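# Architecture at a glance
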Amino acid sequence: MQIVKIHRKYLINKVNVLLFIFIVFVEILICFLSIKHLKLEYNWFEGKIAFTSYLETNLMYYKLVVINLICFIWGNSFTKNANSYHLLVTGYQGIKLKYILSKLLMLIIITISLIFISFYLMTLIGVLCCNFVSINKIIFELFINVLLICIIYGLLSSVFTILINNQYACFLSSGIFVLCELISDSFNDIKLFYVFFPGLSLNYDLCFGIIHLLFISIIYVFLVVLVYLYKK
């Protein structure tokens, strides 16, 4: 419990809180602007198309901004300076495994909270301000998809930062995600790439489903733990 409190104190810092506020504020702005555009572009009979367009607009925001910031938050938390608070933990060497697992758990909780708030606002604004948007299975599946993608690339960012020990190493994982999006048109020729570096889309074209994303997340958790425990 003491370790969790220490993680919470140092991970929920001023920089991260400002990033959270920024993400939520821009999400709200995008939702209102998107709805305004939809009302001008589509009529009531084109509700399904408008709903898809609304989700795609928000999805683009996650691709361009949110995933990059999540990678920064995860990666930056493992730099030498940001992780120096481990010196406050009594008997750190003896509980190193517990330390890294609890830190990953706290980062996952932070990510879940951020993505949940964003999706909640997206859905709430959509339902209240536009009759094209409704709460359904698509939104739930997209939420899980976005969340797992953020966790996967956050874990990758952590691995790169631990290995390289540089605050900019976290952007290697977001660079891989960008590469994934750039080569998405050639998906049929490079399926193996998406096995380990899944992409983000409404129709799962760039991944193999939620079970696949869960499996990859677990693999990368083990990878972070191994790298952290054995990196001198």
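Throughout this document, residue positions are counted from 1 along each chain, in the order its sequence is written. With pLDDT at 70 or above as the cut-off, local features in this predicted model cover only qualifying residues; side-chain atom pairs require 80 or more to be listed or tallied, and sums for whole chains, interfaces and linings still use all residues. The side-chain figures draw on all heavy atoms in the structure; neither hydrogens nor water molecules are used.

In this section: the overall build of the chain. Helix and strand definitions here come from DSSP, where helices need a minimum of 4 consecutive H or I residues and strands a minimum of 2 consecutive E residues; each element is numbered from the N-terminal end. A tally of regular secondary structure across the chain gives eight helices and zero strands. What you see in the chain, going N to C, is helices and strands ordered as α-α-α-α-α-α-α-α. We call two residues contacting when some pair of their heavy atoms lies within 4.5 Å. In the chain, of all internal contacts separated by at least 6 residues, the share reaching a separation of at least 24 is 73%. When the accessible surface of the chain is split by element, carbon and sulfur atoms take 70% of a total near 12,400 Å². Only the protein chains shown count as cover for residues, with accessible areas throughout obtained via the Shrake-Rupley method and a probe of 1.4 Å.

A few words on a nonpolar patch on the surface. Together, Ile112, Phe116, Ile117, Tyr120, Leu124, Val127, Leu128 and Ile135 make up an exposed nonpolar region whose accessible area comes to about 790 Å². For Ile112, the location among the structural elements is in helix H4 (residues 96-129). Here the term patch refers to residues with relative accessible area over 30% and no salt bridge, with like charges joined within 9 Å and nonpolar side chains (Val, Leu, Ile, Met, Phe, Trp, Tyr) within 5 Å. Each salt bridge in this description consists of a side-chain nitrogen of Lys or Arg and a carboxyl oxygen of Asp or Glu lying within 4 Å of one another.

Moving on to the confidence of the model for the chain. Any region with low pLDDT has predicted coordinates that should not be read closely. Confidence of the predictor at the level of single residues is given by pLDDT, which spans 0 to 100. Residues of the chain with pLDDT of at least 70 account for 90%, and the chain-wide mean is 84. Model confidence for the chain, summarised as mean pLDDT per element, is weakest for helix H7 (residues 191-196) at 72 and strongest for helix H8 (residues 210-230) at 92.

Take the buried Ala, Val, Leu, Ile, Met, Phe, Trp, Tyr and Cys residues and link them wherever side-chain atoms come within 4.5 Å; each set so joined is a nonpolar core. Accessibility here uses a 1.4 Å probe with only protein chains present; expressed as a share of the type maximum, an area under 20% marks a residue as buried, one over 50% as exposed, and anything in between as partly exposed. Core analysis: the biggest nonpolar cluster contains 73 residues, and Ile115, Phe119, Val146 and Tyr153 have the highest contact counts within it. Listed by contribution, the elements that provide at least two residues to this core are helix H1 (2-11), helix H2 (14-41), helix H3 (47-76), H4, helix H5 (137-164), helix H6 (171-182) and H8. Those residues in contact with Phe119, other than ones at most four positions away along the chain, are Tyr62, Ile139, Leu142, Phe143 and Val146.

Axis lines are fitted through C-alpha atoms, for helices just across the contact stretch, and the angle between N-to-C directions can take any value from 0 to 180 degrees. Interhelical geometry of H5 versus H8 gives an angle of 20 degrees and a closest axis separation of 9 Å. With respect to their mutual orientation, H5 and H8 come out roughly parallel. Remark: the crossing between H5 and H8 carries left-handed chirality. Judged by residue contacts, Glu141, Ile144, Asn145, Leu148, Ile149, Ile152, Leu155, Leu156, Ser158, Val159, Ile162 and Leu163 of H5 engage Ile210, Leu213, Leu214, Ile216, Ser217, Tyr220, Val221, Leu223, Val224, Val227 and Tyr228 from H8. When grouped by side-chain class, the residues that make up the contact of H5 with H8 number 19 nonpolar, three polar and one charged. Here is the rule for angles: anything less than 35 degrees is roughly parallel, anything more than 145 is roughly antiparallel, 65 through 115 is roughly perpendicular, and the remaining ranges are oblique. Should the near helix be turned anticlockwise from the far one by less than a right angle, the crossing is left-handed, and should it be turned clockwise, the crossing is right-handed. Nonpolar residues are Ala, Val, Leu, Ile, Met, Phe, Trp, Tyr, Cys and Pro. Charged residues are Asp, Glu, Lys and Arg, and all others, Gly as well, are polar.

Tallied over the entire structure, the rule returns one salt bridge. In this structure, Lys137 engages Glu141 in a salt bridge whose closest nitrogen and oxygen atoms are separated by 3.6 Å. Of this pair, Lys137 and Glu141 are both found in helix H5, four residues apart, which corresponds to roughly one turn of the helix. We classify Lys137 as exposed; its relative accessible area is 59%.

Position of Asn76 among the secondary structure elements: in helix H3. For Asn76 and Asn165, which are 89 residues apart along the polypeptide, the C-alpha to C-alpha distance reads 9.4 Å. Leaving out residues up to four positions away in the same chain, Asn76 has contacts with Ala82 and Gln167.

Quick look at the packing of aromatic side chains now. Any two rings among Phe, Tyr and Trp, with Trp reduced to its six-membered ring, count as a pair given centres within 6.5 Å; such a pair is stacked if its planes are under 30 degrees apart, edge-to-face if over 60, and tilted if neither. Going through the model one piece at a time under the given rule, you end up with 11 aromatic pairs. Between Tyr10 and Tyr85, the ring centres sit 4.7 Å apart and the planes meet at 5 degrees, which makes this aromatic pair stacked. Of the two residues, Tyr10 is situated in helix H1 and Tyr85 in the loop between H3 and H4; the sequence distance between them amounts to 75 residues. By relative accessible area, which is 33% here, Tyr10 ends up partly exposed. Through successive ring pairs, a cluster of aromatic residues spans Tyr61, Tyr62, Phe116, Phe119, Tyr120 and Phe143. Comment: the charge-over-ring label is applied if NZ (Lys) or CZ (Arg) is within 6 Å of the ring centre and within 35 degrees of the ring normal. A cation over an aromatic ring shows up here: Lys96 above the ring of Tyr228, its NZ or CZ 5.5 Å from the ring centre. Positioned over the ring face of Phe78 is Lys103, at 4.5 Å from the centre of the ring.

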